[in-house]
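Given next are the chains, with one letter for each unit.
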Amino acid sequence: MWDKIKDFSSEFFVTGDPLIYGADVSIVLTLVAVVTALTYFKKWTWLWKDWLTTVDHKKIGIMYVIASLLMLFRGGVDALLMRTQLAVPELDFLTPEHYNQIFTTHGVIMILFMAMPLMFGLFNLVVPLHIGARDVAFPFLNSLSFWLFFSGAMLFNMSFVIGGSPDAGWLAYPPLSELSHSPGVGQDFYIWGIQISGIGSLMTGINFIVTILKMRAPGMKLMKMPMFVWSVLSSCLTIILAFPILTITLALLFLDRYLGAHFFTLDGGGNPMMYINLIWMWGHPEVYIVVLPAFGIFSEIAATFSKKRLFGYKSMVFALMSISLMSFFTWAHHFFTMGSGANVNAFFALTTMIIAIPTGVKVFNWLFTMFRGRLSFPTPMMWMIAFIPCFVVGGMTGVLLSVAPADFQFHNSYFLIAHFHQVLIGGVAFGFFAGLYYWWPKVFGFKLNEKLGKWAFWTWNIGFYVCFMPQYVLGLMGMTRRVSTYGWDRGFYELNLTSTIGGFLMGIGFLFQVWQILHSIKFMKKDTTGDPWDGRTLEWSIPSPAPVYNFAILPRVDEADAWWEEKQRIAQGHAPKPKPKLEPIHMPKNSGIPIVMSGFFFLVGFGFVFDWLWLAIPGLIGVAASMLVHSFRYKTDYYISVEEIRRTEAAAGRTV
Amino acid sequence: MANSGNHIIAKPQHHDEHAHEEHHDQEELRFMGFWFFLITDCIMFATLFATYVVLSGSFAGGPTGAELFEMPGVIAETFILLTSSFTSGLAVLAMNKGDRKGLIGWLIVTVLLGATFLTLEISEFVTLVHEGATISTSAFWSSFYTLVGTHGLHVSIGLVWMIAIMIQLGRHGINSVTRRKVKVVSLYWHFLDVVWIFVFTIVYMLEVI
């Protein structure tokens, strides 16, 4: 019996690496600390009632942001481990197997469990306030999306201490990811972690499309929406067209591994290249999915801190929508070397060059927005300014890569690595940071400390260039991606060491951000105006943090930048718009079903990972049962009375 | 369009009366959301069809579809599913007339036809497996079982869903919520019918002719 248990646990838990044992201990300690604190301070009911079961888009947004910052930490540690291993030639810090796992989890976590949830967090925090709505179209579904993301992310991260991490790269190309080459459970964690959170992403896409199309404040025509809302719409349309392909591709890989099907295997007539086509049909639109909202954020920030209307509104809308369309026609540029032939490569080279045009249009729009504006430079604006040159250079190296014949040289070299980190960090990460700084006072009611913010900004930016500029050169010198070490004779040493120093600078930048947040929670003054940046859009017209119903009276919108125009009118001595009488507000009730159902999904995933049908089948039954229970519930809403609205508004210092 | 869709517009005191109106708006949102879901489902099936077409010649020395498909059964399945789509349409017509009995009756007919379709499909699969074509026989059979099986899974979910709605109709009668649910499930059912027509044409017809 004892031997059986020992056998089982040596298979079940990842063993043999002091780094992992350290992580085991810290995970257990953190869990114990959290449970003890919650029990000691009697916070369990508060946690359950106010957060875990909430359907309020603002709270769901906050949970997304917290989870994604934790994931940023994990992905960042992965990055620093890799950079440490590569700092000096022939180092033994990480074994090649461990290195494979780390670059795989780094990629998956940064794209799917950091960038995506941070983006969804910003959607949730901002979109309903931007369009003058009281919640999203489907608040229950919204909560379910969050919890599905969360259980997918937990399942994926668990592989690090239980069973073993996936190690076939962030897109898990077969045949390496097939059972024949990756017999362990790591690849199954990959499939189920992404699959479960992917379902959540799909539902978020649908939710926000309907929210934007149907729930805008009276009078807000499509062409009067804030640009961020347009960018969310274009991103969500891309989500609903791209994510189903991912769902199917992962399902097919699962069938290969679990039932011995032959979709992508080397034998039985399978076709591994089909996987690579399918995964990039999702994967390429995916990078636009995460970067489009960043463009929207920059548009809002550029207009606010230039005190000017956004330059070229219509061309911006056109650029966003054409990018989301064209992103579906460029996928094969990820594998020009596959041998599809000159004509196919020429087509995809051209589409890739064409998609750079709308992006260029946007850069000029931002520049002209700032041109002759009354500029100010608080942290959000700093990130915006840093983004432009960074993204322009990153975009141009992308155009270099799109030249198919030249790509045979660049393919899978550090030149490529430097390129996509430049657009993903310089575009997506900078954009979401900017958005977080910009909307922070709306969400929490206080600004973040500017001084620490500037420190974070400069360490991040200097670190970024020190880290990635040498990698372009390394790529041209012939260093390929995913090598765990290199010899002294290759001449890669100095540039790699420089790159590692840059990586650690970015790590320090992240620490500054954490410090900035903690410091600001303790010391920053509450913002009583609700409009600390002198903003232009509707969210700044209500108190911060926004009351549960957002708008006591739904605003009427007659022009773009409605709040700014209203403030201008009042400044010119006109009377503010007359306010209609307060009326009770209809709101959705909290629900525990999303978190329970996601728990069942977790069991399904975990069961299939270890081939434990005794766990997976009850899990599936649980999922079905939760859906039915929800279907049979008819009383899912309540009313907020006029007296309560009055009380809430008075507490925020407002009369209605 | 912009101002029609707010499901949480503030309303005057008489809750019951106006709650009804708000539900109406909310149901409209849900119906629209379901259309977007169908787009995603459509792309899932499109991906499966593409996979099937790419792998349709990869028999790896095993049996081909033309050798094993038995068309009479498949044609029977097709007619049964098409008829069930028609009866689900009749259910919606009965609902629009306010005829709850007719509505539930036609839904029962639809469910029975759907269940017959599933039984035939499962027995087809069992026969194929006995004849030596399993999901791991070749890439062709992997893609066949996955595509047709995904459709079958959708049908099974539809059956459970319809039964749940019938129970709710029994409890609550026809109101704005149940009306939306019937409309949504019938839309879903028609969608599965359209997908089946593609399955019939691309998988079975093209393979046997």
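Parameters at a glance
- Residues numbered from 1 in each chain as written.
- Chains lettered and ligands numbered in written order.
- Predicted model: local features only at pLDDT ≥ 70, side-chain atom pairs only at ≥ 80, totals over all residues.
- Heavy atoms only, no water.
- Patch = residues over 30% accessible without salt bridge, like charges linked within 9 Å, V, L, I, M, F, W, Y side chains within 5 Å.
- Areas by Shrake-Rupley, 256 points an atom, 1.4 Å probe, with all protein chains shown as cover.
- Salt bridge = Lys/Arg side-chain N within 4 Å of Asp/Glu carboxyl O.
- Helix = DSSP H or I, 4+ residues; strand = E, 2+ residues; numbered from the N terminus.
- Core = buried A, V, L, I, M, F, W, Y, C linked by side-chain atoms within 4.5 Å.
- Buried < 20%, exposed > 50% of the residue type's maximum accessible area, 1.4 Å probe, protein only.
- Contact = heavy atoms within 4.5 Å.
- Buried area = accessible area lost by both parts, 1.4 Å probe.
- Polar contact = N/O pair within 3.5 Å; in protein donor to acceptor, adjacent residues only side chain to side chain.
- Nonpolar A, V, L, I, M, F, W, Y, C, P; charged D, E, K, R; others polar.
- Expected span 1.5 Å × (residues − 1).
- Bend = angle between axes of the 7 residues up to and from the residue.
- Phe/Tyr/Trp six-rings, centres within 6.5 Å; stacked < 30°, edge-to-face > 60°.
- pLDDT = per-residue confidence, 0-100.
- Axes fitted to C-alpha atoms, helices over the stretch in contact; angles between N-to-C directions.
- Parallel < 35°, antiparallel > 145°, perpendicular 65-115°, else oblique.
- Left-handed = near helix turned anticlockwise from the far one by under 90°.

Visitor: A description of a nonpolar patch on the surface should follow, citing residues and the corresponding values.
Guide: Residues and elements named next belong to chain A. Taken together, the side chains of Leu350, Met353, Ile354, Ile357, Val399 and Val403 define a hydrophobic patch exposed on the protein surface, amounting to about 470 Å² of accessible area. Per-element accounting of the nonpolar patch gives the leading share, four residues, to helix 11 (residues 342–370). If you trace the backbone, isoleucine 357 turns up in helix 11.

Visitor: I'd like a rundown of the nonpolar core, residues and numbers included.
Guide: Core analysis: the largest hydrophobic core is formed by 248 residues, its most contacted members being Trp282(A), Trp366(A), Phe606(A), Phe144(B) and Tyr204(B). In this structure, Tyr204(B) is in contact with Phe69(B), Met71(B), Val74(B), Glu124(B), Phe144(B), Val148(B), Trp196(B) and Val199(B), ignoring residues within four places of it in sequence. Of all hydrophobic cores here, the second largest spans 13 residues; its members include Met82(A), Tyr414(A), Met479(A) and Phe492(A).

Visitor: I'd like a description of the interface of chain A and chain B, backed by residues and values.
Guide: Contacts between the two partners involve 45 residues from chain A and, on the opposite side, 53 residues from chain B. Taking both sides of the interface into account, the surface hidden between chain A and chain B amounts to around 4,400 Å²; carbon and sulfur atoms contribute 70%. Considering only the surface of chain A that becomes buried against chain B, Lys214(A), Phe632(A) and Tyr634(A) emerge as the three largest contributors, covering 17% of it. With its nearest N and O atoms 3.5 Å apart, the salt bridge here joins Glu28(B) to Lys214(A). On inspection of chain A and its partner chain B, the count reaches eight residue pairs in polar contact (both at pLDDT 80 or more). Among the secondary structure elements, those contributing two or more residues to the side of chain A that touches chain B are helix 7 (186–214), helix 8 (227–259), helix 9 (272–306), strand 1 (585–588), helix 19 (613–631) and strand 2 (637–640) of chain A. The residue makeup of the side of chain A that touches chain B, split by class, is 30 nonpolar, nine polar and six charged.

Visitor: Quick one: what's the story with the pattern of salt bridges, residue by residue and with numbers?
Guide: Residues and elements named next belong to chain A. Counting across every chain of the model gives 16 salt bridges over all chains. Glutamate 565 is paired through a salt bridge with arginine 309; the nearest N and O atoms lie 2.9 Å apart. Taken together, the residues glutamate 565 in helix 17 (residues 562–571) and arginine 309 in the loop between helix 9 and helix 10 (313–326) connect sequence positions 256 residues apart. Owing to a relative accessible area of 45%, arginine 309 belongs among the partly exposed residues under this scheme. Because the salt bridges share partners, they merge into one network encompassing Lys307, Asp531, Asp534 and Lys567.

Visitor: Describe in detail the side chain of Gln168(B), supporting the description with residues and values.
Guide: Take Gln168(B): it is sitting in helix 5 (residues 139–172). Contact partners of Gln168(B), with chain neighbours within four places excluded, come to Ser631(A), Phe632(A), Tyr634(A), Gly173(B), Thr178(B) and Lys181(B).

Visitor: Could you give an account of helix 9 of chain A, naming the residues involved and the relevant values?
Guide: All names here are of chain A. Its 35 residues give helix 9 an end-to-end C-alpha distance of 51 Å, which sits within 8% of 51 Å, the value for a rise of 1.5 Å per residue. Of all the bends in helix 9, the greatest, near 30°, is centred on tryptophan 280. Counting buried residues along helix 9, 31 of its 35 residues qualify, which places the element largely inside the surrounding structure. Where helix 9 begins, the side chain of asparagine 271 points an oxygen toward the backbone nitrogen of methionine 273, at a separation of 3.1 Å.

Visitor: Report on the environment of Cys390(A), specifying residues and quantitative values.
Guide: Residues and elements named next belong to chain A. On the secondary structure map, cysteine 390 appears in helix 12 (residues 379–402). The sequence separation of cysteine 390 and valine 423 amounts to 33 residues, and the corresponding C-alpha distance is 7.5 Å. Discounting chain neighbours no more than four positions away, the residues touching cysteine 390 are Gln422, Gly426, Phe464 and Tyr465.

Visitor: Break down the side chain of Thr397(A) for me, citing the residues and quoting the values.
Guide: Residues and elements named next belong to chain A. Here threonine 397 is to be found in helix 12. Note on threonine 397: relative accessible area 9%, which makes it buried. Here histidine 419 takes part through its side chain, which lies 3.1 Å from a polar atom of the side chain of threonine 397. For threonine 397, the side chain forms a polar contact with the side chain of tyrosine 472, separated by 3.0 Å. Dropping the residues within four chain positions of it, threonine 397 is found in contact with Phe415, His419 and Tyr472.

Visitor: Explain the packing of aromatic side chains to me, using residue names and the numbers behind them.
Guide: All names here are of chain A. Across all of its chains, the model carries 94 aromatic pairs over all chains by this definition. Judged by centre distance (5.8 Å) and plane angle (70°), the rings of phenylalanine 120 and phenylalanine 123 are edge-to-face. Of the two residues, phenylalanine 120 and phenylalanine 123 both sit in helix 5 (residues 96–130), three residues apart, roughly one turn of that helix. Given a relative accessible area of 0%, phenylalanine 123 falls into the buried group.

Visitor: Can you explain the confidence of the model for chain B? Please cite residues and give values.
Guide: Residues and elements named next belong to chain B. Looking at chain B, pLDDT values average 89 and 89% of them are 70 or higher. No element of chain B has a lower mean pLDDT than helix 1 (residues 15–55), at 84, and none a higher one than helix 4 (residues 100–130), at 97. Contacts of residues 1–21 to residues separated by more than four positions or lying in other chains number 48 contacts, the stretch itself having pLDDT below 50. With a pTM of 0.94, the predicted complex shows an ipTM of 0.94.

Visitor: I'd like to hear about the packing of helix 8 of chain A against helix 10 of chain A, residue by residue, with values.
Guide: All names here are of chain A. Where helix 8 contacts helix 10, the axes come no closer than 9 Å and their chain directions differ by 15°. When the axes of helix 8 and helix 10 are compared, the pair comes out roughly parallel. Crossing geometry of helix 8 relative to helix 10 is assigned as right-handed. Mapping the contact onto sequence places Met227, Trp230, Ser231, Leu233, Ser234, Leu237 and Thr238 in helix 8 and Tyr313, Met316, Val317, Leu320, Met321 and Ser324 in helix 10. Here the residues of the contact of helix 8 with helix 10 sort into nine nonpolar, four polar and no charged.

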